[in-house]
Amino acid sequence: MALDQDTLKQLVDTVDRFVHERLIPLEREVDANDVLPDSIVDEMRDLGLFGLSIPEEYGGLALNMQEEIEVALAIGQAAPAFRSIFGTNVGIGSQAIVIDGTQEQKEAYLPKLASGEIIGSFCLTEPGSGSDAGSLTTSAVRDGEDFILNGTKRYITNAPLAGLFTVMARTDLSTKNARGVSAFLVEAGTPGLSVGKPEKKMGQQGAPVADVIFDNCRVPAKNIIGGAENMGFKTAMKVLDKGRLHISAVCAGLAGRILRDSVLYAKERNQFGSAIAEFQLIQAMIADSETDIYAAKCMVRDTAKDRDAGIDVTRKASCCKLFAAEMLGRVADRGVQIFGGAGYIADYGIEQLYRDARLFRIYEGTTQIQQTIIAKDVIRKTD
Ligand code: COS
């Protein structure tokens, strides 16, 4: 159900204020300590951020995609680790249940995900299967009313904090591709499930990433998402279609923030007797970044509209992710360039955002995977 325009504007304004008054001032501290203050996470719960995309009957705000995009653009202005804590509940950690879950699964988990009582996590990647997600080898072998899971998942966002894992595992061991994969809901604390040490990363400090290890982990068969075996890869891909669109909006939000910081700096910084914003070579960078950001916003808003209309957006979501993530890379690079020497020094903040931005070209499908998805689809549909 769509919100009325006033309510949406109020929500976006509230998030915008939260970003500027609460999150941006904490960025340096979170970058240094690699953890978000509990009080900030509580404020996010109170704002309803964990439940943005979860239906109202389960306690969420039930935003449609166009509305979610506007919130993502606003929250994207803060260092990405802040979004990441609730981002999995909005996207990859809840949407498999929203899209394909049974009624029982929805009732069991969506209210807790919507309120932020638990954090959801999405376990697809493995040490031996990253871009080639369909080749995953974590196994799920039936034993009576249960399945026994064995394998390791890698670089799993929010794993150390998660209460619920969506785990893609191979139920048809005669297959080696996407066909024999099922999606399981596995609760934290289930015997045989353990989480590795949080990884030391280039950026996005405060957003923990770790291995999730399954060692004879017994999971009830009724925890297969949707109740049907061997449908898990398709579920995962549907989740990623939506996730890629959301992430694209976050990229546009962050790029807007970086441009704003760079322009404010360029107006203050004097060289050769005037503010560097007066120089056309600086202006060229500002203009290119503004145009890049505008294009990305147009793309995500257009694709969100299609998704809300029930149109398949796989290709367009990949176009958005490809363009927006690469665009953010360009804007972040220009941002550092405009700051000059100060851009390389941690105290000015832009150095952190540059490191944070680098992940977007990789996660939820690399730029190269988006290229292959788009090209395959275009070639298939061209006659
Ligand atoms: N929505 C619904 N179904 C989809 C789909 C989508 N977006 N994409 C693929 N499928 C279906 C296909 O239709 C196919 O079904 P059939 O077997 O019935 O024909 C099945 O899923 C397998 O698809 P495909 O043959 O395209 O799979 P591939 O093994 O070639 O892999 C890519 C496809 C490369 C696109 C996939 O592995 C991928 O997205 N990799 C990147 C993974 C990723 O993003 N990781 C990030 C970490 S998780 S946050």
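Everything that follows concerns the structure shown earlier in this document.
Residues numbered from 1 in each chain as written. Predicted model: local features only at pLDDT ≥ 70, side-chain atom pairs only at ≥ 80, totals over all residues. Heavy atoms only, no water.

## A few points about the overall build of the protein chain
At step 1: A tally of helices and strands in the protein chain yields twelve helices and nine strands.
At step 2: Here the C-alpha atoms of the protein chain give a radius of gyration of 21 Å, agreeing with the 21 Å that 2.2 N^0.38 yields for 383 residues.
At step 3: Its C-alpha atoms give the protein chain principal-axis dimensions of about 80 × 55 × 45 Å.
At step 4: Here the protein chain, with 383 residues, has 54% of them falling under the buried criterion.
At step 5: Sequence separation of at least 24 residues holds for 75% of the intrachain contacts in the protein chain that already meet a minimum separation of 6.
At step 6: Surface accessibility of the protein chain: about 17,100 Å² in total, with carbon and sulfur atoms responsible for 52%.
At step 7: For the protein chain, the centre of its 42 positive side-chain charges and the centre of its 52 negative side-chain charges are spaced 5 Å apart. (Helix = DSSP H or I, 4+ residues; strand = E, 2+ residues; numbered from the N terminus. Rg over C-alpha atoms; globule rule 2.2 N^0.38 Å. Buried < 20%, exposed > 50% of the residue type's maximum accessible area, 1.4 Å probe, protein only. Contact = heavy atoms within 4.5 Å. Areas by Shrake-Rupley, 256 points an atom, 1.4 Å probe, with all protein chains shown as cover. Lys, Arg positive; Asp, Glu negative; His and termini not counted. Charge placed at Lys NZ, Arg CZ, Asp CG, Glu CD.)

## Thoughts on unusual backbone geometry
At step 1: Located in the positive-phi region is Ala62, a residue other than glycine, with phi close to 55°.
At step 2: If you trace the backbone, Ala62 turns up in the loop between α3 (38–47) and α4 (65–75).
At step 3: A positive phi angle, close to 55°, is found at Glu364, a residue other than glycine.

## Details of helix α7 (residues 103–115)
At step 1: Taking 1.5 Å per residue, 13 residues should reach 18 Å; α7 reaches 18 Å between its end C-alpha atoms and fits that length.
At step 2: Taking the largest bend as the criterion, α7 deviates by roughly 35°, centred on Tyr109, and proline Pro111 comes between one and four positions later.
At step 3: Among the residues making up α7, those that are buried are Gln105, Lys106, Tyr109, Leu110, Leu113 and Ala114.
At step 4: One or two positions beyond α7, positive phi appears at Gly116, with a value near 85°. (Expected span 1.5 Å × (residues − 1). Bend = angle between axes of the 7 residues up to and from the residue.)

## Focus: the side chain of Gln77
At step 1: When you line up the elements, Gln77 lands in the loop between α4 and α5 (80–90).
At step 2: Reaching out from Gln77, the side chain makes a polar contact with the side chain of Asp16 at a distance of 2.8 Å.
At step 3: If near-sequence neighbours (up to four positions away) are discounted, Gln77 is found in contact with Asp16, Val19, His20, Ile24, Glu27, Gly253, Leu254 and Arg257. (Polar contact = N/O pair within 3.5 Å; in protein donor to acceptor, adjacent residues only side chain to side chain.)

## Let's talk about the site of the ligand
At step 1: Around the ligand, the surrounding shell holds 21 residues, and the nearest of these are Ser131, Arg179, Lys234, Asp241 and Arg244.
At step 2: In this structure, an oxygen atom belonging to the ligand sits 3.1 Å away from a main-chain N or O atom of Gly365.
At step 3: Relative to its free-state accessible area of 1,000 Å², the ligand is covered by the protein chains to the extent of 68%.
At step 4: Residue assignment for the shell around the ligand shows that the elements contributing at least two residues are α8 (232–268) and α12 (367–381).
At step 5: Element by element, the count of residues in the shell around the ligand is highest for α8, at seven residues. (Near = heavy atom within 4 Å.)

## Points about the packing of α3 against α5
The axes of two packed helices give the description: the angle between them and the distance between them.
At step 1: For the pair α3 and α5, interaxial distance at closest approach is 11 Å and the crossing angle is 55°. When the interaxial angle is binned, α3 and α5 end up oblique. Relative to α5, the crossing made by α3 is right-handed. Residues Ile40, Val41 and Met44 of α3 form the contact with α5, whose participating residues are Phe82, Ile85 and Phe86.
At step 2: Here the residues of the contact of α3 with α5 sort into six nonpolar, no polar and no charged. (Axes fitted to C-alpha atoms, helices over the stretch in contact; angles between N-to-C directions. Parallel < 35°, antiparallel > 145°, perpendicular 65-115°, else oblique. Left-handed = near helix turned anticlockwise from the far one by under 90°. Nonpolar A, V, L, I, M, F, W, Y, C, P; charged D, E, K, R; others polar.)

## Side note on the pattern of salt bridges
At step 1: Summed over all chains, the structure comprises 24 salt bridges.
At step 2: The closest approach of N and O atoms between Asp13 and Lys9, which form a salt bridge, is 2.7 Å. Linking Asp13 with Lys9, this pair stays in helix α1 (residues 5–23), spanning four residues, or about one helical turn.
At step 3: Under the relative-accessibility criterion, Lys9 is labelled exposed at 51%.
At step 4: Between Asp31 and Arg355 there is a salt bridge, with the nearest N and O atoms lying 3.1 Å from each other. Highlighted residues: Asp31 in helix α2 (residues 27–33) and Arg355 in helix α11 (residues 350–357), separated in sequence by 324 residues. (Salt bridge = Lys/Arg side-chain N within 4 Å of Asp/Glu carboxyl O.)

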